[in-house]
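Secondary and tertiary structure notes
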Amino acid sequence: MAYEPAMVPPKKSKRTLFIVLGVVLALCCSGGVVGGFVLYRVVQDATGPARATVDTFAGAVVARDYPAAYRLFCADVRDRLGEADFARQQSAQPELTGYEIVGLNVTNNNGRVRGSANVRFTPRDGVAITQVLPLVKEDGDWRICD
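Reading guide: rules and limits
Residues numbered from 1 in each chain as written. Predicted model: local features only at pLDDT ≥ 70, side-chain atom pairs only at ≥ 80, totals over all residues. Heavy atoms only, no water. Core = buried A, V, L, I, M, F, W, Y, C linked by side-chain atoms within 4.5 Å. Buried < 20%, exposed > 50% of the residue type's maximum accessible area, 1.4 Å probe, protein only. Helix = DSSP H or I, 4+ residues; strand = E, 2+ residues; numbered from the N terminus. Phe/Tyr/Trp six-rings, centres within 6.5 Å; stacked < 30°, edge-to-face > 60°. Contact = heavy atoms within 4.5 Å. Salt bridge = Lys/Arg side-chain N within 4 Å of Asp/Glu carboxyl O. Pairing = 2+ DSSP bridges. Patch = residues over 30% accessible without salt bridge, like charges linked within 9 Å, V, L, I, M, F, W, Y side chains within 5 Å. Areas by Shrake-Rupley, 256 points an atom, 1.4 Å probe, with all protein chains shown as cover.

Quick look at the nonpolar core
Ranked by internal contacts, the top residues of the largest apolar core, which has 28 residues, are Val 54, Phe 57, Phe 86 and Val 119. Contributions of two or more residues to this core are made by α1 (14–62), α2 (66–70), β1 (96–109), β2 (112–123), β3 (129–138) and β4 (141–144). Take this core: its biggest share by element is seven residues, from α1.

Structural notes on the packing of aromatic side chains
Each aromatic ring pair is summarised here by two numbers: the centre-to-centre distance and the angle between the ring planes. A full pass over the atoms with the stated rule returns six aromatic pairs. Between Phe 73 and Phe 86, the aromatic rings sit 5.0 Å apart at their centres with planes inclined by 90°, giving edge-to-face as the arrangement. Linking Phe 73 in the loop between α2 and α3 (75–80) with Phe 86 in helix α4 (residues 83–91), this pair joins segments that are 13 residues apart in sequence. Taken together, the ring pairs in this structure connect Phe 57, Tyr 66, Tyr 70, Phe 73 and Phe 86 into an aromatic cluster.

Regarding the side chain of Thr 53
Structurally, Thr 53 is set in helix α1. Among all residues touching Thr 53, those that are not within four sequence positions of it are Leu 72, Trp 142, Arg 143 and Ile 144.

Describing the pattern of salt bridges
Scanning all chains against the criterion turns up three salt bridges. Ionic pairing is found between Arg 88 and Asp 85, a salt bridge with its closest N-O pair at 2.2 Å. Taken together, the residues Arg 88 and Asp 85, both in helix α4 and three residues apart, mark about one turn of the helix. Under the relative-accessibility criterion, Asp 85 is labelled partly exposed at 35%.

Structural notes on the pairing of β1
Pairing of β1 with β2 involves 12 bridges; the strand directions are antiparallel. If you follow Leu 104 over to β2, its bridge partner there is Ala 117. Counting the residues between successive antiparallel strands, the hairpin from β1 to β2 contains two residues, one of them, Asn 110, with a positive phi of roughly 55°.

Things to note about a nonpolar patch on the surface
On the surface, a nonpolar cluster with roughly 320 Å² of combined accessible area is contributed by Leu 17, Phe 18 and Leu 21. For Leu 17, the location among the structural elements is in helix α1.

This is how it looks when you write it as structure tokens:
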């Protein structure tokens, strides 16, 4: 009887394992980056126009351009409040030196698109005032509305 050596499986290189793991890790990371970018763009597309309206409104209030701010109100507010009354109310307020949009929320509930923005106004005396501006989508445009 002849001696036959036992079959020893060839040693597998760990290099192949590390290459496969590296490729899988690279695919996961790039997928995460692409997914994050897509999510960022979706959020920007949803909130960008609303943010632009709030930015224009707050800028007009700070600049005391009340006709420009008034045009951004929804029809309900314009029906209740005349432009001259709005200008008179705003003129009685302390002078503002700046603003910052500190929060913005947009929701779509069964096709009814609404939102709200938190704006921090800075008056000349330095004590910040945070105001919540309700938003509605009216005729395809975002409007400030109560």
